[in-house]
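Chain by chain, the residues:
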Amino acid sequence: HNFKNCHTTSPNRVEIANMTATASANQAEVVLVGCGCPLRGMGWYHAVQMLKDKCPHAKLCHVVEPWFLGAGASGPGGPEFAKFAEETATSHGVQFHKSLADLPAIPDGIKRLALISGRTADNPRLLKESIAAGCATIYLEKPGAPTVAELETMQKEASDAGVAVLMGYNKNVCKFVTKTREYAAENPEGHVTFVSNNTYENTPESLGECFERNCEGMLKNMAIHELALLVSFYDVTVENVESVVADKEFSSMQTLAGPSGKEWTDFDKIKFTITTKTGKEVSVQADRCGGDVSYGMVTINGDEVFRHSMPDEDDLANVTVLEKEYPGAMPYFFSQDPDYITVKDRVADYCANGVEAKGVATLQIAVDTLKLAEYLTPTLKEQLA
């Protein structure tokens, strides 16, 4: 056993019990970079899943949280984070750090995995710091970086260092996607549409706030998961697009003022069909005010012949359990709970044991997906103008 007493070196350092979290032989030593506020932050939910041993190959050993262990300690969410940190350090022996540079040496024979779940704009720096901290594999939340150029630089840095980077595009491993693809494979004349919905109120205030907070635009944000599916499974790249056609009847583009007073132009809903030069055809539909069910659909001659939704009945039963366990948490954590577990465990198994992370998006897929978003946004806006 690895017992050690850590005395506080600074007020930001959480005192640790005499048990320190350590990875076993077939587990990756996970460093969560960016925890965020309990119940709100995606990083927090990643932590909770690993602390409950939902991912057998991932052992959460370290949390790096620059904001709440620094400038944000006394601000909104600070006290909630401090309580979570104290409980997690005491009960699980997880060590908390203000920066990646503070991480201790990696134990012999163990591979370190960074799970980067901070703000997209910080990712290029955090990736560099994760490589310097000896991480063998990096799990990067979508879309990876604000721009294609930054993502390509990150790709080169990781490749030069021999570090694998895999993406948190969880819909890639999602049941409704798998079921839709299986049905379509058996019915080649069918046409696939991936539908993504969100629960914003259809008011100028609500959508204006949404446009401002997600100012990279719908295709780089809400619908980026669907674009990743097209890149991963339908050979869609900017170079391979033969045509893209917006469904003008369904789609809607608005210019709305955000809380700051500044105006933003974005889609509140969009539907389009892409045909590739290699002869594949696939559609995406996204609606910010469409509700809380997303699905895959197959049509033949315009008639729907198949649909699988997320959440389905099994998912809804799981959601009910989780709502009781974590009242007040973000609803999307619960509906996507099984997929977050799958992606994390596959990435951790790859890191620790070299097992192929089946279906998980690579950094190359992330680059092609972001390129596709940057190409489609002006193209579709022009068609709807």
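Above: the structure in question.
Residues numbered from 1 in each chain as written. Predicted model: local features only at pLDDT ≥ 70, side-chain atom pairs only at ≥ 80, totals over all residues. Heavy atoms only, no water.

**Observations concerning the overall build of the chain**
Moving on, step 1. Broken down by element type, the chain carries 11 helices and 13 strands.
Moving on, step 2. Relative to the compact-globule value of 21 Å for 385 residues, the chain shows a C-alpha radius of gyration of 21 Å, a close match.
Moving on, step 3. Judged by the C-alpha coordinates and their principal axes, the chain covers about 65 × 45 × 45 Å.
Moving on, step 4. By the burial criterion, 53% of the 385 residues in the chain qualify as buried.
Moving on, step 5. Excluding contacts between residues fewer than 6 apart, the proportion of contacts in the chain whose partners are at least 24 apart in sequence is 75%.
Moving on, step 6. If you sum the accessible surface of the chain, you get close to 17,100 Å²; carbon and sulfur atoms cover 51% of it.
Moving on, step 7. Positive and negative side-chain charges in the chain, numbering 35 and 52 respectively, have mean positions lying 4 Å apart. (Helix = DSSP H or I, 4+ residues; strand = E, 2+ residues; numbered from the N terminus. Rg over C-alpha atoms; globule rule 2.2 N^0.38 Å. Buried < 20%, exposed > 50% of the residue type's maximum accessible area, 1.4 Å probe, protein only. Contact = heavy atoms within 4.5 Å. Areas by Shrake-Rupley, 256 points an atom, 1.4 Å probe, with all protein chains shown as cover. Lys, Arg positive; Asp, Glu negative; His and termini not counted. Charge placed at Lys NZ, Arg CZ, Asp CG, Glu CD.)

**Quick word on the layout of surface pockets**
Moving on, step 1. Looking at the second largest pocket, its volume works out to about 330 Å³.
Moving on, step 2. If you go around the second largest pocket, you meet 14 residues; those closest to its centre are Trp44, Val48, Phe84, Glu87 and Thr88.
Moving on, step 3. Here the lining of the second largest pocket gets seven residues from one element, more than from any other, and that element is helix H2 (residues 78–92).
Moving on, step 4. Residues that form the lining of the second largest pocket fall into these classes: seven nonpolar, three polar and four charged. (1 Å grid on protein atoms, 1.4 Å probe; cavity = no way out; pocket = protein on both sides within 12 Å on 5 of 7 lines; lining within 4 Å. Points joined across faces, edges and corners; volume = space filled by probe spheres on them. Nonpolar A, V, L, I, M, F, W, Y, C, P; charged D, E, K, R; others polar.)

**Side note on the pairing of strand S13 (residues 303–310)**
Moving on, step 1. When strand S12 (residues 294–300) meets S13, the two strands line up antiparallel, connected through seven bridges. When the sheet's bridge partners are listed, Ser294 is paired in S13 with Met310.
Moving on, step 2. Counting the residues that bridge the hairpin from S12 to S13 gives two residues, and of these Asn301 lies at a positive phi of roughly 50°. (Pairing = 2+ DSSP bridges.)

**Observations regarding the pattern of salt bridges**
Charged atoms that come close allow side chains of opposite charge to pair.
Moving on, step 1. Tallied over the full model, the rule gives 16 salt bridges.
Moving on, step 2. In this structure, Glu152 engages Lys371 in a salt bridge whose closest nitrogen and oxygen atoms are separated by 3.4 Å. On the criterion of sequence distance, the pair formed by Glu152 in helix H4 (residues 148–161) and Lys371 in helix H11 (residues 363–384) is long-range, its members being 219 residues apart.
Moving on, step 3. Residue class for Glu152 comes out partly exposed when judged on its relative accessible area of 34%.
Moving on, step 4. The shortest N-O distance in the salt bridge between Lys280 and Asp235 comes to 3.2 Å. You can see Lys280 sitting in the loop between strand S10 (263–276) and strand S11 (281–287) and its partner Asp235 sitting in the loop between helix H7 (224–233) and strand S8 (241–246), a full 45 residues away along the chain.
Moving on, step 5. Each of Lys175, Asp312 and Asp315 takes part in salt bridges that share partners, so that together they form one network. (Salt bridge = Lys/Arg side-chain N within 4 Å of Asp/Glu carboxyl O.)

**Considerations on the packing of helix H3 (residues 123–132) against H4**
Moving on, step 1. H4 packs onto H3 with a crossing angle of 5° between their chain directions and a minimal axis gap of 10 Å. Viewed along their axes, H3 and H4 adopt a mutual orientation that is roughly parallel. Of the residues in H4, those touching H3 at Asn123, Pro124, Leu127, Lys128 and Ile131 are Glu150, Met154, Glu157, Ala158 and Ala161. (Axes fitted to C-alpha atoms, helices over the stretch in contact; angles between N-to-C directions. Parallel < 35°, antiparallel > 145°, perpendicular 65-115°, else oblique.)

**Things to note about the pairing of S12**
Moving on, step 1. Burial analysis of S12 places seven of its seven residues in the buried class, which makes it a mostly covered element.
Moving on, step 2. Residues Ser294, Gly296, Val298 and Ile300 line one face of S12 and the alternating positions Tyr295, Met297 and Thr299 line the opposite face, and both faces are buried.
Moving on, step 3. Two elements, strand S7 (residues 191–197) and S12, share five bridges in a ladder whose sense is antiparallel. Each residue of the ladder has a partner; that of Phe194, found in S12, is Gly296.

**Quick look at the packing of aromatic side chains**
Pairs of aromatic rings are described using the distance from one ring centre to the other and the angle between the two planes.
Moving on, step 1. All chains considered together, the criterion is met by 11 aromatic pairs.
Moving on, step 2. Taken together, a centroid distance of 6.3 Å and an interplanar angle of 40° make the contact between Trp44 and Phe333 tilted. Of this pair, Trp44 sits in helix H1 (residues 42–51) while Phe333 sits in helix H9 (residues 331–335), and the two are 289 residues apart along the sequence. The pair formed by Trp44 and Phe333 is uniform in burial state, with each residue classed as buried.
Moving on, step 3. An angle of 65° between the planes, with centres 6.3 Å apart, marks the rings of Tyr45 and Phe334 as edge-to-face. (Phe/Tyr/Trp six-rings, centres within 6.5 Å; stacked < 30°, edge-to-face > 60°.)

**Description of the packing of H7 against H11**
When two helices pack together, you describe them by how their axes are tilted relative to each other and by the distance separating the axes.
Moving on, step 1. Their axes nearest at 9 Å, the elements H7 and H11 cross at an angle of 115°. At the point where H7 passes H11, the crossing takes the right-handed sense. Each of Ile224, Leu227, Ala228, Val231 and Ser232 in H7 lies in contact with H11, whose residues at this interface are Ile365, Asp368, Thr369, Leu370, Leu372, Ala373 and Leu376.
Moving on, step 2. Grouping the constituent residues of the contact of H7 with H11 by class yields nine nonpolar, two polar and one charged. (Left-handed = near helix turned anticlockwise from the far one by under 90°.)

**Section: the nonpolar core**
Moving on, step 1. If you look at the biggest cluster of nonpolar residues, it comprises 65 residues, and the most contacted ones within it are Ile138, Phe194, Leu219, Leu230, Phe272, Leu376 and Leu380.
Moving on, step 2. Per-element tally for this core: the top contributor is H11, with nine residues.
Moving on, step 3. The contacts of Phe272, once residues within four sequence positions are left out, are Leu219, Leu227, Val244, Val245, Ala246, Asp247, Val282, Ser283, Val284, Leu376 and Leu380.
Moving on, step 4. Ranked by size, the runner-up nonpolar core spans 46 residues in total, among them Tyr45, Val48, Val63 and Leu322. (Core = buried A, V, L, I, M, F, W, Y, C linked by side-chain atoms within 4.5 Å.)

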